[in-house]
Amino acid sequence: MSEKKIKNVFVQGPITPEKIATSIAHHQVKTNIGGHDIFLGQVRADEIGGKMVRAIDYSAYQDMANQAMHDIREAAFSKFDLTCMHIYHSLGEVKAGEICLFVFTSSVHRKECFDATRFIVEEIKANAPIFGKEVFEDETHVWKENK
Amino acid sequence: MSEKKIKNVFVQGPITPEKIATSIAHHQVKTNIGGHDIFLGQVRADEIGGKMVRAIDYSAYQDMANQAMHDIREAAFSKFDLTCMHIYHSLGEVKAGEICLFVFTSSVHRKECFDATRFIVEEIKANAPIFGKEVFEDETHVWKENK
Amino acid sequence: MKLNVKYFGLIAEWMGRSEEQIDLWENSIAALRQQLETNCRRLSNITYQVAVNQKIASEELELSENDEVAILPPFAGG
Amino acid sequence: MKLNVKYFGLIAEWMGRSEEQIDLWENSIAALRQQLETNCRRLSNITYQVAVNQKIASEELELSENDEVAILPPFAGG
């Protein structure tokens, strides 16, 4: 059984463009990488029942979610020939227009990172116990549900 | 026939992480976006005939390449339901580890941007008249060829 | 048997708490679901999953007193 | 007919120039290819494309004197 340390994917609040830039910059020493594919999930100001979503307040069953992310990461590394992989998800309030998910994969050739990022995003949506409260401008809310 | 202005996709030298961050930040006012997919092409320090690639020196048939990029952009907008699309490619020297291609698409739902970015990257590789001289550490070179 | 149960998201909101100890008359997931839905009728109207020791439990799993049990509403990550 | 021809990448390197005027005895792409390969034997060993007015030309296209003609080695974008 794998004894790798379980990483914490969660960050408090939105994921900033600066964090993304720093993460990209860190990969410039890895000169065997030929392609990166980055997915960013952004909170939408959806209209639901005549009200606009102002923010999503994320919560998670953190231990299980980190374990799920670990399993997704291991699965992706075994399915695709990747050089690097990074996953971050927000907790707490993320306003409409801000970023709540950052999935970043790198590989020698482009096909692998394209396939991997897509796989990881679908797996996160289906299998990570993360919950989202869509908060309206009048501070009422509904609970989001992934399709 | 479309009379849209032909954009210039070319930037001199490498594409910086800061440029990517700025581009991401500009999309935070577009609160109908739910997902972004970003592909970054990075120059590899490949070993060819016992020598290491130090950099790629890019040149292009610029007018035709910008026209090709324009056609790719129009095709992507008609095939996929996208909110935004940005394409940048380097000219001149880009060192191993630096970024030479930045393709950025955004959409309401993730599927569209995933499909679009991949489509755009494949089209650029196949149809944009861009040429790359792989320069070795001893300043000799070979010409790169897309597969 | 006594079980410590965690609630999340919508379900925590409905329950008015994020954790509680419940007394279960049988160590099956079905018994757990029935007891939860008796305490909170609205639960029977949604699809929720039961996680045991941080894995989604099959309906056939037998519960033990030290299990970490969590009741999970639909996921919304990403 | 006189044609202004642009060269790029590897082909510009082989030709030792990025542009020149050539004199063509027939307005076909085949004649253009033949003349180029006579001037530069190595061209016949690679796959190169001819662009006319910034579009890849089919082998059937008939050239005109004011056409913008470019000789393109394999692409390496991205």
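Residues numbered from 1 in each chain as written. Chains lettered and ligands numbered in written order. Predicted model: local features only at pLDDT ≥ 70, side-chain atom pairs only at ≥ 80, totals over all residues. Heavy atoms only, no water.

(A) How the structure looks around the pairing of strand 1 (residues 2-7) of chain C. Residue and element names in this part refer to chain C. What you see with strand 1 is a clean split: Leu3, Val5 and Tyr7 sit on the buried side and Lys2, Asn4 and Lys6 on the side with no burial. Summarising the sheet, strand 1 and strand 2 (residues 19-23) pair through five bridges and their orientation is antiparallel. When the bridges of strand 2 are listed, Lys6 appears paired with Glu19. Note: strand 1 against strand 5 (residues 69-72), three bridges, orientation parallel. Directly across from Val5, in strand 5, lies its bridge partner Val69. (Buried < 20%, exposed > 50% of the residue type's maximum accessible area, 1.4 Å probe, protein only. Helix = DSSP H or I, 4+ residues; strand = E, 2+ residues; numbered from the N terminus. Pairing = 2+ DSSP bridges.)

(B) Geometry of the interface of chain B and chain A. Taken together, the 40 residues of chain B in the interface contact 40 residues of chain A. Summed over both partners, the interface of chain B with chain A buries about 3,400 Å², with 53% contributed by carbon and sulfur atoms. Per-residue buried area on chain B facing chain A is highest for Arg110, Phe114 and Arg118 of chain B; these three make up 20% of the total on that side. Across the chain B-chain A interface, the total number found is four salt bridges. Across the salt bridge formed by Glu122 of chain B and Arg110 of chain A, the nearest N and O atoms sit 2.8 Å from each other. Every element with two or more residues in the side of chain B that touches chain A is listed here: helix 1 (17-26), strand 2 (35-42) and helix 3 (110-127) of chain B. In terms of residue count, helix 3 of chain B provides more of the side of chain B that touches chain A than any other element does, 10 residues in total. Summarising the sheet, strand 2 (residues 35-42) of chain A and strand 2 of chain B pair through seven bridges and their orientation is antiparallel. Note on strand 2 of chain B: the bridge partner recorded for Gly41 of chain A is Gly35 of chain B. (Contact = heavy atoms within 4.5 Å. Buried area = accessible area lost by both parts, 1.4 Å probe. Salt bridge = Lys/Arg side-chain N within 4 Å of Asp/Glu carboxyl O.)

(C) Expanded view of the confidence of the model for chain C. With 100% of its residues at a pLDDT of 70 or more, chain C shows a mean pLDDT of 96. Interface confidence in the predicted complex, given as ipTM, is 0.95; pTM for the same model is 0.96. (pLDDT = per-residue confidence, 0-100.)

(D) Quick peek at the packing of aromatic side chains. For the structure on display, the rule yields 14 aromatic pairs over all chains. Plain terms: the ring middles of Tyr88 of chain B and Phe102 of chain B are 5.9 Å apart, the flat faces sit at 25 degrees to each other, and that makes the pair stacked. Of this pair, Tyr88 of chain B sits in strand 5 (residues 84-95) while Phe102 of chain B sits in strand 6 (residues 99-107), and the two are 14 residues apart along the sequence. Exposure remark for Tyr88 of chain B: the relative accessible area of 22% places this residue in the partly exposed category. Pairwise contacts between aromatic rings join Tyr61 and Phe131 of chain A together with Phe8 and Phe75 of chain C into one cluster. Over the ring of Tyr48 of chain C we find Arg33 of chain C; its NZ or CZ atom is 4.5 Å from the centre of that ring. (Phe/Tyr/Trp six-rings, centres within 6.5 Å; stacked < 30°, edge-to-face > 60°. Lys NZ or Arg CZ within 6 Å of the ring centre and 35° of its normal.)

(E) View of the interface of chain A and chain C. Between chain A and chain C, the contact holds 25 residues from the first and 18 residues from the second. Around 1,700 Å² of area is buried between chain A and chain C when both sides are counted, 60% of it from carbon and sulfur atoms. Here chain A is connected to chain C by one salt bridge. Between Lys55 of chain C and Asp71 of chain A there is a salt bridge whose closest N-O contact spans 3.7 Å.

(F) Representation of the environment of Glu137 of chain A in the model. Residues and elements named next belong to chain A. Along the chain, Glu137 falls in the loop between strand 7 (130-136) and strand 8 (141-143). Relative accessible area serves as the criterion here: at 57%, Glu137 is assigned to the exposed category. For the pair Glu137 and Arg54, spaced 83 residues apart in sequence, the C-alpha to C-alpha distance is 5.4 Å. For Glu137, the residues in contact, after removing those within four places along its chain, are Met52 and Arg54.

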